[in-house]
Amino acid sequence: MEKKVYSTSGKELRTINLDDKVFGLPANDAVIYYAITNELANKRVGTACTKTRAEVHGSNAKPYKQKGTGNARRGDKKSPIMVGGGTIFGPKPRDFSYYIPKKEKRLAMKTILSLHAQGDRLTVVEDFTVESGKTKDLVAILNNFVKGERTVLILKDDDAKIKQAARNIPNLTFLSYNRLNAHDLFYGRKVIVLETAAKNLSDFYAENKEAK
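Residues numbered from 1 in each chain as written. Predicted model: local features only at pLDDT ≥ 70, side-chain atom pairs only at ≥ 80, totals over all residues. Heavy atoms only, no water.

Considering the overall build of the protein
Note the following rule: Helix and strand labels come from DSSP, where a helix needs a run of H or I of at least four residues and a strand needs a run of E of at least two; each type is numbered from the N terminus. Each radius of gyration reported is based on C-alpha atoms, and the globular scaling rule is 2.2 Å times the count of residues to the power 0.38. Note on definitions: a residue-residue contact is assigned when non-hydrogen atoms from the two residues lie within 4.5 Å.
Each helix and strand counted, the protein has 8 helices and 6 strands in total. The helix and strand sequence of the protein, counted from the amino end, reads β-β-α-α-α-β-α-β-α-β-α-β-α-α. In terms of C-alpha radius of gyration, the protein reaches 27 Å, well past the compact-globule figure of 17 Å for 212 residues. Here the C-alpha coordinates of the protein stretch approximately 90 × 40 × 25 Å along the principal axes. For the protein, the proportion of contacts with a sequence separation of at least 24, taken over those separated by at least 6, is 70%.

Here's what the structure looks like:
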C-alpha cells in the first residue's frame, strides 16, 4: 500500500510503501472488540466495597420482642432490609484484569491500523519535533491536517518535547509506535503517523517478529 508523505506545512513530499501485512488487512470486528474490552477491564481499579450484616457496626440484640407487637420478626438492627443495615450481595474489592493472547493483541492493532489506512483516515507526516515544547507550535502543525477531530499522533520514539506540547491539546492522544492502545487508536477519527514511525510499525508488527 502506498501513502503520501506530507510536510509539516501540509505539502505533499513523496510516497511511502506501507506493509500490507500491517496496513492492508481485512476488517476483524471480533478481535478489535476483545482487545478494547481487555484494555478497559485492566484499567478498572476494583475498589468498590460494601459491608455485609456481619461488618456493619451495631448491636446484635433484637430491636423488639418476637411476638405481640404486630411487626415482622427482626433478628437485629443490622438486617439488610433495615435502614442502616448490611448490603446483600454488594460489591467487594476484586481484580478485573485478565490476559488475552499476545498474537490476538497484535492482530487487533494491525486490523485497526488497516481500517484507518484503507479509510483514508491515516496521514503520514515527515518526522518533526517541537523544540520549544509549546502547545501553540504543535497546534499550528496539526491544523494543517485536522480540524478539531479526535486525533491520534503516533510517534517514532518517546519525544519529550512533543509530549510536553501535546498534553494540553483536547481530543489529542499521543502513542509510541511500539506501545499502541487499541481503545484510543480505534476511536481516533484521524491518525497522524510520523514517517519513521510508519516504517517502524511495519517492522514491529511483521510476521517474522511475531514468530520470535
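Section: the pattern of salt bridges
Going by this rule: Note on definitions: salt bridges are taken to be side-chain nitrogens of Lys or Arg within 4 Å of carboxyl oxygens of Asp or Glu.
Tallied over the entire structure, the rule returns 8 salt bridges. Note that Asp-158 is salt-bridged to Lys-163, the shortest N-O span being 3.1 Å. Sharing partners across several salt bridges, the network here consists of Asp-158, Lys-163 and Arg-179.

Observations regarding the nonpolar core
For clarity, the cut-off: Definition of nonpolar core: a set of buried residues of the types Ala, Val, Leu, Ile, Met, Phe, Trp, Tyr and Cys, connected through side-chain atoms within 4.5 Å. Exposure is judged per residue with a 1.4 Å probe applied to protein chains only, and the accessible area is read against the type maximum: over 50% gives exposed, under 20% gives buried, and values in between give partly exposed.
One finds Leu-113, Leu-138, Ile-154, Leu-180 and Leu-201 to be the most contacted residues of the largest nonpolar core, which totals 47 residues. Considering every element that reaches this core, the biggest residue donor is helix α3 (residues 102-118), with 5 residues. If sequence neighbours within four positions are ignored, Leu-113 has contacts with Val-22, Phe-23, Leu-122, Ile-154, Leu-180, Leu-185 and Leu-201.

Quick look at the pairing of strand β1 (residues 2-6)
Defined as follows: For two strands to pair, DSSP has to find at least two bridges joining them.
Of the two faces of β1, the one holding Lys-3 and Val-5 is buried and the one holding Glu-2, Lys-4 and Tyr-6 is not buried anywhere. Alignment of β1 against strand β2 (residues 12-17), held across 5 bridges, turns out to be antiparallel. Counted as the bridge partner of Lys-4 is Thr-15 from β2. Following β1, the chain reverses through 5 residues before pairing antiparallel with β2; Gly-10 in that reversal takes a positive phi of roughly 95°. The pairing of β1 with strand β3 (residues 122-125) spans 2 bridges and is classified as parallel. Each residue of the ladder has a partner; that of Tyr-6, found in β3, is Val-125.

Overview of the confidence of the model for the protein
Low pLDDT marks regions whose predicted coordinates should not be analysed in detail. Convention followed: Residue-level confidence of the predictor is summarised by pLDDT, bounded by 0 at the bottom and 100 at the top.
Confidence along the protein averages 90 in pLDDT terms, with 97% of residues attaining 70 or more. Within the protein, helix α2 (residues 29-43) carries the highest mean pLDDT (96), whereas helix α8 (residues 207-211) carries the lowest (52).

Describing the environment of Leu-175
Locating Leu-175 in the fold gives a position in strand β5 (residues 172-176). When its relative accessible area of 9% is taken as the criterion, Leu-175 is described as buried. When the C-alpha atoms of Leu-175 and Leu-185 are compared, they prove to be 8.7 Å apart, with 10 residues separating the residues in sequence. Those residues in contact with Leu-175 that sit more than four places away from it in its chain are Val-152, Leu-153, Ile-154, Leu-155, Leu-180 and Asn-181.

A word on the side chain of Glu-195
One can find Glu-195 in helix α7 (residues 195-204). The contact partners of Glu-195, leaving out residues within four places of it in the chain, are Val-5, Arg-14, Ile-16, Val-124, Val-125, Glu-126 and Asp-127.

Side note on the packing of α2 against α3
Under the convention used in this document: To define axes, lines are fitted to C-alpha atoms, for helices over the stretch in contact only, and angles between the resulting N-to-C directions are given on a 0 to 180 degree scale. The labels follow the angle: roughly parallel below 35 degrees, roughly antiparallel above 145, roughly perpendicular from 65 to 115, and oblique for the rest. Take the far helix as the reference: if the near one is turned anticlockwise from it by less than a right angle, the crossing is left-handed, and if turned clockwise, right-handed. Ten residue types, Ala, Val, Leu, Ile, Met, Phe, Trp, Tyr, Cys and Pro, are classed as nonpolar, four, Asp, Glu, Lys and Arg, as charged, and the remainder, Gly among them, as polar.
One way to put it is that α2 packs onto α3 with a least axis distance of 9 Å and a crossing angle of 115°. Taken as axis vectors, α2 and α3 run roughly perpendicular relative to one another. When the axes of α2 and α3 are compared, the crossing they make is left-handed. From α2, Val-31, Ile-32, Tyr-34, Ala-35, Asn-38 and Glu-39 reach across to α3, where they touch Glu-104, Lys-105, Leu-107, Ala-108, Met-109, Thr-111, Ile-112 and Leu-115. Residue classes in the contact of α2 with α3 are distributed as 9 nonpolar, 2 polar and 3 charged.

Regarding the sheet that holds β1
The sheet built from 6 strands is open, its strands ordered β2-β1-β3-β6-β4-β5 with mixed pairing. Among the strands making up the open sheet, the edge pair consists of β2 and β5. Strand-to-strand twist of the sheet, defined as the mean angle between neighbouring strand axes without regard to direction, takes the value 30°.

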